[in-house]
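Descriptive structure summary
What follows is each chain in one-letter form.
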Amino acid sequence: MSLFITNSLTGKKEKFKPITPNSVSIYFCGLTVSDLPHLGHARAWVHVDVMRRWLEYLGFSVTYVENFTDINEKIVARLGESDYGSSESEVATYFINKALEDMNSLGLKSAHVYPKASEHIPEIIAIISSLIDSNHAYESNGSVYFDVSSFDNYGALSKPNLDEEFFSDSPEEVSDKRHPHDFALWKSGQVPPESISKYRDSNLPPITAPSGDVWDSPWGLGRPGWHIECSAMSMTHLSNTIDIHAGGQDLMFPHHENEKAQSEASTGENFANFWIHVRLLETHGEKMSSSLKNYFSVANAISEFGPNSIKMFLISTSYHSHQAYSESALHEAVERWRRLERAYLRTTNALLEPSPHSTTTDENLRKSIESSVRNFQTALDDDFNTREALVAIFDVVNSLNQHLETHEEYDHFGLNLAIKTLDDLARDVLGFSFVVADSNESFSDTITSLIDSREQERSKGNYDKADEIRKELELLGIIVEDTAEESTYRHK
RNA sequence: GCAUAGGUGGCAGAGUGGCUACGCGUCCGCCUGCAGAGCGGAUAUACGCCGGUUCGAAUCCGGCCCUAUGCUCCA
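Parameters and conventions
Residues numbered from 1 in each chain as written. Chains lettered and ligands numbered in written order. Predicted model: local features only at pLDDT ≥ 70, side-chain atom pairs only at ≥ 80, totals over all residues. Heavy atoms only, no water. Helix = DSSP H or I, 4+ residues; strand = E, 2+ residues; numbered from the N terminus. Contact = heavy atoms within 4.5 Å. Areas by Shrake-Rupley, 256 points an atom, 1.4 Å probe, with all protein chains shown as cover. Lys, Arg positive; Asp, Glu negative; His and termini not counted. Charge placed at Lys NZ, Arg CZ, Asp CG, Glu CD. Axes fitted to C-alpha atoms, helices over the stretch in contact; angles between N-to-C directions. Parallel < 35°, antiparallel > 145°, perpendicular 65-115°, else oblique. Left-handed = near helix turned anticlockwise from the far one by under 90°. Nonpolar A, V, L, I, M, F, W, Y, C, P; charged D, E, K, R; others polar. Buried < 20%, exposed > 50% of the residue type's maximum accessible area, 1.4 Å probe, protein only. Arc of directions from axis to C-beta. Pairing = 2+ DSSP bridges. Salt bridge = Lys/Arg side-chain N within 4 Å of Asp/Glu carboxyl O. Near = heavy atom within 4 Å. Polar contact = N/O pair within 3.5 Å; in protein donor to acceptor, adjacent residues only side chain to side chain. Right-handed = clockwise from strand over helix to strand, strands pointing away. Patch = residues over 30% accessible without salt bridge, like charges linked within 9 Å, V, L, I, M, F, W, Y side chains within 5 Å. Phe/Tyr/Trp six-rings, centres within 6.5 Å; stacked < 30°, edge-to-face > 60°.

A closer look at the overall build of chain A
Helix and strand counts for chain A stand at 16 helices and 15 strands. Along the first, second and third principal axes, the C-alpha set of chain A runs to 90 × 55 × 35 Å. For chain A, long-range pairs separated by at least 24 residues make up 76% of all intrachain contacts whose partners lie at least 6 apart in sequence. Total accessible area on chain A is roughly 22,900 Å²; 47% of this is exposed by carbon and sulfur atoms. Here chain A holds 43 positive side-chain charges and 76 negative ones, and the gap between their average locations is 4 Å.

A word on the packing of helix H12 (residues 363-381) against helix H14 (residues 412-427)
H14 packs onto H12 with a crossing angle of 15° between their chain directions and a minimal axis gap of 9 Å. The pairing of H12 with H14 is recorded here as roughly parallel in orientation. For the crossing formed where H12 meets H14, the hand is left-handed. Listed contacts from H14 to Leu365, Arg366, Ile369, Val373 and Phe376 of H12 are Phe413, Gly414, Leu415, Leu417, Ala418, Thr421 and Leu425. Residue classes in the contact of H12 with H14 are distributed as nine nonpolar, two polar and one charged.

Looking at helix H9 (residues 298-305)
Within H9 the residues assigned to the buried category are Val298, Ala301, Ile302 and Phe305. The arc that holds the buried residues of H9, viewed along the axis, is 95°, so those residues lie on one side. Taken from the residues just after H9, Gly306 is the one with a positive phi, measuring 90°.

Concerning the sheet that holds strand S11 (residues 281-283)
In space, the three strands of this open sheet follow the order S12-S11-S13, with mixed pairing throughout. Looking at the sheet topology across the chains shown, the edges are occupied by strand S12 (286-287) and strand S13 (323-324). Of the pairings in the sheet, the one linking S11 to S12 comprises two bridges and is antiparallel in character. In the sheet register, Glu282 faces S12, and the bridge partner there is Lys287.

Re the pattern of salt bridges
Per the stated rule, a full pass over the model turns up 22 salt bridges. Two residues, Glu56 and Arg52, come together in a salt bridge whose shortest N-O distance is 3.0 Å. Note that Glu56 and Arg52 are positioned in helix H1 (residues 39-57) at a spacing of four residues, about one turn of the helix. On the basis of relative accessibility, which here comes to 4%, the residue Arg52 falls in the buried class. Among the salt bridges present, the one from Glu56 reaches Lys109, with a minimum N-O distance of 2.7 Å. You can see Glu56 sitting in helix H1 and its partner Lys109 sitting in the loop between helix H3 (88-105) and helix H4 (121-133), a full 53 residues away along the chain. According to the relative accessible area criterion, Lys109 is partly exposed, its value standing at 35%. Within this structure, Arg454, Arg458, Asp467, Arg470 and Asp482 form a network of salt bridges that share partners.

Considerations on the sheet that holds strand S6 (residues 143-146)
Spatially, the four strands line up as an open sheet ordered S5-S6-S7-S8, and their pairing is antiparallel. In the strand order of this sheet, the two ends are held by strand S5 (137-140) and strand S8 (222-224), each with one partner. Strand-to-strand twist of the sheet, defined as the mean angle between neighbouring strand axes without regard to direction, takes the value 20°. Examined bridge by bridge, S6 and strand S7 (residues 183-188) share three bridges and lie antiparallel to one another. Bridge pairing in S7 links Tyr145 to Ala184. Packed on one face of the sheet, H4 meets S5, S6, S7 and S8 and runs near 120° to S7.

Re the protein's contact with RNA strand B
Taken together, 61 residues are adjacent to RNA strand B, and Pro180, Trp226, Asp250, Leu251 and Glu388 come closest. Looking at RNA strand B alone, sugar and phosphate atoms form 66% of those within 4 Å of the protein. Within the side chain of Asp467, one N or O atom sits 2.7 Å away from a base nitrogen of RNA strand B. With respect to RNA strand B, the side chain of Arg470 contributes an N or O atom lying 2.7 Å from a base oxygen. Looking at the surface near RNA strand B element by element, the count peaks at eight residues for helix H13 (residues 386-406).

Description of the pairing of strand S10 (residues 272-278)
Looking along a regular strand, one sees the side chains alternate between the two faces of the sheet. Across the seven residues that make up S10, a large majority, six, are buried. Where strand S9 (residues 242-248) and S10 come together, six bridges link them in parallel fashion. From the neighbouring strand, Ile242 faces S10, where its bridge partner is Ala272. Where the polypeptide runs from S9 across helix H8 (residues 252-267) and back to S10, its parallel neighbour, the crossover connection is right-handed.

Observations concerning a negative patch on the surface
A cluster of acidic residues, Glu353, Glu408, Glu409, Asp452, Glu455, Glu485 and Glu486, forms a negative patch at the surface. Assignment of secondary structure puts Glu353 in the loop between helix H11 (327-352) and H12.

Quick look at the packing of aromatic side chains
Taken as a whole and judged by the stated rule, the model has 17 aromatic pairs. Judged by centre distance (6.0 Å) and plane angle (65°), the rings of Trp54 and Phe376 are edge-to-face. With Trp54 in helix H1 and Phe376 in helix H12, the pair connects residues that are 322 residues apart, well separated along the chain. Each member of the pair, Trp54 as well as Phe376, carries the same accessibility label: buried.

Geometric descriptors of this kind do not, in isolation, establish any biological role.
Spelled out as C-alpha cells, the structure:
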C-alpha cells in the first residue's frame, strides 16, 4: 500500500514520495494574527494535523513547521483597540497566544517550530537581495518588486489565464511597478493611513498617521511584503525544497503562486513537491471569514460542543471538498462522537469486570476489527479520506456493541484488541481523546448524596421521586444510565 | 469573464463502470419501572440537466445549467 495525495500543482492524485526516505518536511501556511481563529481555520488545522499524524503512523519522521504572519496591515488596524496592545507586535502576540490556546484545546500536535515573520527580517532581506542581483526583482522608490515576467513558470500553481487581459494595466497601483502583477517584496516606510482604514473598526478613532513596525534594509526603512516571509521561513526551518506545502484554498493565488515564484527564482530549485489546499468552510453559502463577520470562533465552538465533537464535524468531510457549517451539522457530529465515545467507555468498563481469562472467542468481532484496520489504512492512503476512515472506526463500534449485546461472557482478547485499535487509529491518528472508564470516579458530596437518595427511592419503587432526582443530576452534568443490574453515574 | 473545485436519498456526506456506504433524522420491534443507551428491522423511486459510449453509467465522453473559492485582506 502506498499513500496518494492530490497535488494542486498538477491537479492529480500522485503517489507520495519524500525527498529523503523515511522523513517528511511539511510547511503549513498559518494565520495572519489579526483576529480570533474561527472554525474555518480549525478545519485546515485539524485536517493537516491528521495528515501529519498519518505520515507518522506510516513510519515517517515528520518535521512540521507552522508560521504566524505577524506583520500585516490588518494587525496595524487594531492598534489601540481593546487591550490588545499599543504596537503591531503586541497586537500580534495577543492573537498568537489565542491561536496557540485554541490549537491546544483541540488537541493538535504541536509544530516543531512556529516561526514569525518579524523574526526573519535578515533572511527576508537576503532573499530579496539575491533576487535583485539575478534581475528577478527591482527597486523603485524604496520598495522592491518581483518582476513576474522574469519567471517563466509563473502561474503553474493557480493556473490563471495569462492572456492579454491579465497583462493589461489596471488603473490603480501601477505607479512604482513595471507591471501591474509584479508584487511587493519590500514596502517602503510605515503603513499609510489609507491602507488601514478599510480594516479599521468604524467605531474606533481612525488612524491618521503612518504606523506599524518598520525595519532597516538596503532600501531604507520599510516592511516585508506578504509572500516573502513564507519563503524565508520555509527555507530557514526546512530546506530549499520541501515535501509538502499546505494551506487553505484561498491562499493559492496570489500568496502561494508568488511564494513559489520568488523562492524558485532565488534558489533555482523546486520550492515544494506537493501542494495541498484544504477547501473552505462555508456558512450561508459563503466562506467563513473574519472580514465577512460570519465566523464562529474556535474558542466558542469548543466551549459549546467540546473539542472531540468539533473534530468529528470537521473531519466528517474530506479536506478536498468544501464543507457547510450549520447548527444541525454540528449536532450530528455531537451524536457521532457520543456514539464512538460510549462504545469505548462501555468496552473499557466491560474489561474492568472479572473473568479476565475468559475463554470466549468471538470470531466475528476479531475479524471485523482486522478488516476495519485495513479499511482505515486504505482510506487515509487514498488522499487522506477521513470520512471513509470514520466508516472503519464505526465498524469497530458496531462490532463492539453487537458483541457486548449478545454475549454473557466477553471475549477479553477481542475487546482489548478493539481498544488498542481505537487507541491507535481514532486517538493517535484522528486525534480524538477518550476518557478511560474509571470505577472510582469521584463526585462532590452534594452529588453523592443525590445518587444515594435516588438509589433508595428506586429500590423502594418510588420512581416518580427517583426520576425527579435524575433530572436534578442531569442538570448538574451527571449522566445517569440504568440497566437491569445497576445504575451508572458519570460526568458529562 | 477566466481559473480551480463541487452538484448524490428528509439532512449530511463517501463512493470513479455491475456489489446495503457509515452516520444523523423518522417509524416499528426487543430490552427497561420509565427515560436514555444499545440491539434488530424498516424508511429514503438518491445520484444537476440533455445527449453519447457500453451488455451495463452516480462513475467514462460531449454540451449545458447551478454553487463555492480565487483573480493582489484571507486557513
